[in-house]
Amino acid sequence: MTPSPTAAGVFALPLASTADIAAGTSWLRFRPPPDTACEPGQFFMLSTVAPSPVAYLGRPFSIGDVRDGEWFFMLRALGRGTAWLRTLELGTMMRLVGPLGVGFARDESKVHRMIAGGIGLAPFLFLARRLRTEQPEAAIELYYGERDARSHIELTADEKELFDTVERFTDDGSLGIAGSVVDGLENRWAEPEVAWYGCGPQPMLRAAAAKLEEHDVDSAQFAFEERMACGFGVCQACIVPNRYPPPRYHLLCTEGPVLEIGKVAW
Amino acid sequence: MSSARLTATCGPITFQNPVLAASGTFGYGSEFEHFFPVASLGGFVTKTLFVEPRDGNPAPRVAETSTGMINSIGLANVGWEAFVKEKVPDLKATVGAAKMLVNIAGNSPDEYRAIAARVEGDRERIGCAGIEVNVSCPNVKEGGTNIGCDRDQFQAAVRGVRQETSLPIFVKLSPNVTDVVPFAGCAMDEGAEGVSLINTLYGMQIDVEKRRPVLGTGSGGLSGPAILPVGVYWTYKVRAAFPDLPILGIGGIATWRDALQYLLAGAQAIQVGTAAFVNPLACVEIIAGLERYCSQRETTITELSGAAHREGRLAEPATWTG
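Conventions used here
Residues numbered from 1 in each chain as written. Chains lettered and ligands numbered in written order. Predicted model: local features only at pLDDT ≥ 70, side-chain atom pairs only at ≥ 80, totals over all residues. Heavy atoms only, no water. Helix = DSSP H or I, 4+ residues; strand = E, 2+ residues; numbered from the N terminus. Rg over C-alpha atoms; globule rule 2.2 N^0.38 Å. Buried < 20%, exposed > 50% of the residue type's maximum accessible area, 1.4 Å probe, protein only. Contact = heavy atoms within 4.5 Å. Areas by Shrake-Rupley, 256 points an atom, 1.4 Å probe, with all protein chains shown as cover. Lys, Arg positive; Asp, Glu negative; His and termini not counted. Charge placed at Lys NZ, Arg CZ, Asp CG, Glu CD. Pairing = 2+ DSSP bridges. Domains from an automatic or database assignment. Buried area = accessible area lost by both parts, 1.4 Å probe. Salt bridge = Lys/Arg side-chain N within 4 Å of Asp/Glu carboxyl O. Polar contact = N/O pair within 3.5 Å; in protein donor to acceptor, adjacent residues only side chain to side chain. Nonpolar A, V, L, I, M, F, W, Y, C, P; charged D, E, K, R; others polar. pLDDT = per-residue confidence, 0-100. Axes fitted to C-alpha atoms, helices over the stretch in contact; angles between N-to-C directions. Phe/Tyr/Trp six-rings, centres within 6.5 Å; stacked < 30°, edge-to-face > 60°. Lys NZ or Arg CZ within 6 Å of the ring centre and 35° of its normal.

(A) Spatial organisation of the overall build of chain A. Within chain A, the regular secondary structure consists of 6 helices and 17 strands. Here the C-alpha atoms of chain A give a radius of gyration of 18 Å, agreeing with the 18 Å that 2.2 N^0.38 yields for 266 residues. Scored against the burial criterion, the 266 residues of chain A give a buried share of 57%. Summarising the internal contacts of chain A: among those between residues at least 6 apart in sequence, 67% fall at separations of at least 24. Here chain A displays about 11100 Å² of accessible surface, and carbon together with sulfur accounts for 52% of that area. Taken together, the 25 basic and 34 acidic charged side chains of chain A have centroids lying 7 Å from each other.

(B) Main features of the pairing of strand β11 (residues 165-170) of chain A. Of the strand pairs in this sheet, strand β10 (residues 139-146) of chain A and β11 of chain A are connected by 6 bridges, and their pairing is parallel. Pairing of Glu 141 of chain A across the sheet is with Thr 165 of chain A, part of β11 of chain A.

(C) Looking closely at the domain arrangement of chain A. Residues and elements named next belong to chain A. For chain A, the domain assignment lists domain 1 (9-100) and domain 2 (111-223). Computed over C-alpha atoms only, the centres of domain 1 and domain 2 are separated by 23 Å. With 18 residues of domain 1 at the interface, the matching set in domain 2 holds 18 residues. Between domain 1 and domain 2 lies a buried interface of about 1500 Å² when both sides are counted; carbon and sulfur atoms form 61% of it. Taken as a group, Pro 40, Met 74 and Arg 76 account for 36% of the area that domain 1 buries against domain 2, more than any other trio of residues on that side. The tally of links between domain 1 and domain 2 comes to 4 salt bridges. Close ionic contact of Arg 76 with Glu 146 constitutes a salt bridge, the shortest N to O distance being 3.0 Å. Along the contact surface separating domain 1 from domain 2 lie 8 residue pairs in polar contact (both at pLDDT 80 or more). Elements with a contribution of two residues or more to the side of domain 1 that touches domain 2: β2 (17-22), β3 (25-30), β6 (65-67) and β7 (70-76). Along the lines of polarity and charge, the residues of the side of domain 1 that touches domain 2 split into 11 nonpolar, 3 polar and 4 charged.

(D) Focus on the confidence of the model for chain A. Of all residues in chain A, 98% attain a pLDDT of 70 or more, and the chain-wide mean is 94. Predicted confidence for residues 1-5 of chain A stays below pLDDT 50, and this span has 12 contacts to residues more than four positions away or in other chains.

(E) Looking closely at the sheet that holds β10 of chain A. Residue and element names in this part refer to chain A. The sheet built from 7 strands is open, its strands ordered β12-β11-β10-β9-β13-β14-β17 with mixed pairing. Whereas interior strands pair on both sides, the edge strands pair on one side only; in this sheet they are β12 (177-178) and β17 (258-260). Contacts from helix α2 (residues 124-134) reach β9 (111-117), β10 and β13 (194-199) within the one sheet, and its direction differs from that of β9 by about 170°. With respect to the sheet, helix α5 (residues 202-214) is in contact with β9, β13 and β14 (220-223), its orientation differing from that of β14 by roughly 175°.

(F) Spotlight on the packing of aromatic side chains. On inspection of all chains with the given rule, the structure shows 23 aromatic pairs over all chains. Taking the centre distance of 5.6 Å and the plane angle of 80° together, the rings of Phe 44 of chain A and Phe 73 of chain A count as edge-to-face. Residue Phe 44 of chain A is located in strand β4 (residues 43-48), and its partner Phe 73 of chain A is located in strand β7; the two are separated by 29 residues in the primary sequence. Consider the rings of Phe 104 of chain A and Tyr 197 of chain A, whose centres lie 5.5 Å apart with planes at 85°: the pair is edge-to-face. Taken together, the residues Phe 104 of chain A in the loop between β8 (93-100) and β9 and Tyr 197 of chain A in strand β13 connect sequence positions 93 residues apart. Aromatic rings pair up to connect Phe 232 of chain A together with Phe 26, Phe 32, Phe 35, Phe 36 and Phe 44 of chain B into one cluster. Directly above the ring of Phe 183 of chain B sits Arg 151 of chain B, whose terminal nitrogen or CZ lies 5.9 Å from the centroid.

Shown next as structure tokens:
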């Protein structure tokens, strides 16, 4: 199923709740107006309605989950702006612009395999939830790597149920399997009828794309991240080099953030 | 439809209200249609167009500051032909009573002339009300000097555009000079109908972990609330020097109060840029704020324009000398 474009809007919503889920990492939750549709892999630009003292621009956030009528966004304090967002009090009025971009296309593969690095886990709970509903027979797998146990986001029982397989990795071996997700997948790259999805740091995505191409996997969708000022195609900041120019670049916010790996000049 | 109080007259162009979406922050017009009807604006200025398409600069292209951003997009654009064929049809469907200004640039005075000739040739087809000339462009042949900061090249560029078109011309002035006023005078002497001021200020941000500049090109243009007082200052100075030269005020406007500062300083209309990235509704909120202000005080945009000169005691603002 190809994601259909959803009309983006500007929502002013109070921060409804937060929950710490790992070191420096939390959910931000909002109650959107009813019937506001969004697709896995799409994103919102989040900012505070009152101008921030430290971060002028909004920040792009994948839709982390849609549960009980709430929008979930996974926030990790990685810089000044995100650290500041983590300090916001409940009820703070925030501006959410979206849903933006093109999300994950969902085909009817037997296996849906997601590889996540760090905060790259963000889009996958929502994707798994949607796939569970649409394709109850399919196997949904998550391979999720973090630097260490502290940063590791422990899935709740409900979240674990979204997956048939969850394999966890840490760089230092303090939780799950020691080493990277890409190394951990060993000889599974060549398995047939697998739909691949990736999100995480650029070196991880590059290594995974190399493995997939080495094994002639012709379709894999990765969600990319880049600096964005607007999120809707105007500022032209969020570029990813195009493998088949012209043009030289893909514009991530409107053509992505999910791109087929074959379109990208790694 | 805006109320008559908001009508803004900028030389030969009358806008239904004084709020325009600025070049480079409004795409080619249709990107904002999701958020509000483009037809409700006074007008909008297209992304800078060259004759030939440009890919723009390598990433990272933006660096955020606490009160704005620095960009080095590199004037990425689709080129004139693609603009006319692919963008204009959508745009014409949405523009309504809003007026479109086409923003143009080149890498040399000759290229300015060439793009102006293309606009003139297609003026009926695209339905634009005028041209905004982006002179903040490096002259590739002259070792990369910023055309907008070099009087001779500035003059040559504006003259070339004027010779090729009878459309109203607004020259967008760079603040990266010791004095903006002579450039405004030069634009006027060369037959421009007005000026837009200011463009972005040179800026740089350095990543202290990596110990190198954040932007792919090293430096870029600073915009956002940080530059508001700079733009208001130059608007005031240019209005004082050339009371009859129409001014489109731009630089750091995020609220109706910011817009009003420019109008009071002497602008006839204003442009909203970076603020629309953060809040896509910034323009419509500013229009609503100005409407409220004018109606509560029973005044008009025309009356407000330059009112700080008439009511203040400083016909010529004192210049800070350090």
